[in-house]
Amino acid sequence: LAFVDACAIGKDASEELARWEARVKPGGLVAGRGFGPGCPDAVAAICAHRFGNDIHLGVTGGGFWWFVEPPEEEPPPDALR
């Protein structure tokens, strides 16, 4: 689990998300606060970073969000020969 205060990071949120995501194992969580109208840079970074994937949102005071790292892809059976 990595917890990122995306609102406090501001315009560097995209780089910070990538940095923390690289440290989380497949199936782990990247989570944080700062998804709301008071943090437009954070919202844009989170949406751009996970475009096309599930982003889960909570309706707490800080705009809680999280996503699950996808499992590692297994090589096709033919690649094991």
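Everything discussed here concerns the structure shown above.
My aim in this report is to walk through the structure given alongside it, one point at a time. (Residues numbered from 1 in each chain as written. Predicted model: local features only at pLDDT ≥ 70, side-chain atom pairs only at ≥ 80, totals over all residues. Heavy atoms only, no water.)

## Description of the overall build of the chain
- A tally of helices and strands in the chain yields three helices and four strands.
- Out of the 81 residues belonging to the chain, those deemed buried represent 30%.
- Considering only contacts in the chain between residues 6 or more positions apart, those separated by 24 or more positions represent 67%.
- For the chain, the accessible area works out to roughly 5500 Å², and carbon and sulfur atoms hold 57% of it. (Helix = DSSP H or I, 4+ residues; strand = E, 2+ residues; numbered from the N terminus. Buried < 20%, exposed > 50% of the residue type's maximum accessible area, 1.4 Å probe, protein only. Contact = heavy atoms within 4.5 Å. Areas by Shrake-Rupley, 256 points an atom, 1.4 Å probe, with all protein chains shown as cover.)

## Focus on the pattern of salt bridges
- Taken as a whole, this structure holds two salt bridges when the rule is applied.
- Residues E16 and R19 are paired through a salt bridge, measuring 2.2 Å at the closest nitrogen-oxygen approach. Linking E16 with R19, this pair stays in helix α2 (residues 13-21), spanning three residues, or about one helical turn.
- Judged by its relative accessible area of 44%, R19 falls in the partly exposed class. (Salt bridge = Lys/Arg side-chain N within 4 Å of Asp/Glu carboxyl O.)

## Points about the sheet that holds strand β2 (residues 29-33)
- Strand order in the open sheet formed by four strands is β1-β2-β4-β3, with mixed pairing between adjacent strands. Taken across any chain shown, the strands that pair with only one partner, and hence form the sheet edges, are β1 (2-5) and β3 (56-57).
- Here β1 runs beside β2; their pairing, made up of four bridges, is parallel. Paired with A2 across the strands is V30, a residue of β2. (Pairing = 2+ DSSP bridges.)

## Notes on the packing of aromatic side chains
- Under the defined criterion, the tally for this structure stands at three aromatic pairs.
- Aromatic pair F3 and F64: ring centres 6.1 Å apart, planes at 20 degrees, arrangement stacked. You can see F3 sitting in strand β1 and its partner F64 sitting in the loop between β3 and β4 (65-68), a full 61 residues away along the chain.
- Ring geometry for W65 versus F67: centroids 5.7 Å apart, planes at 25 degrees, classification stacked. The pair formed by W65 and F67 is uniform in burial state, with each residue classed as buried.
- Put simply, the rings of F3, F64 and W66 pair up and form one aromatic cluster.
- Here the guanidinium or amino end of R23 rests over the ring plane of W20, the centre of that ring lying 4.9 Å away. (Phe/Tyr/Trp six-rings, centres within 6.5 Å; stacked < 30°, edge-to-face > 60°. Lys NZ or Arg CZ within 6 Å of the ring centre and 35° of its normal.)

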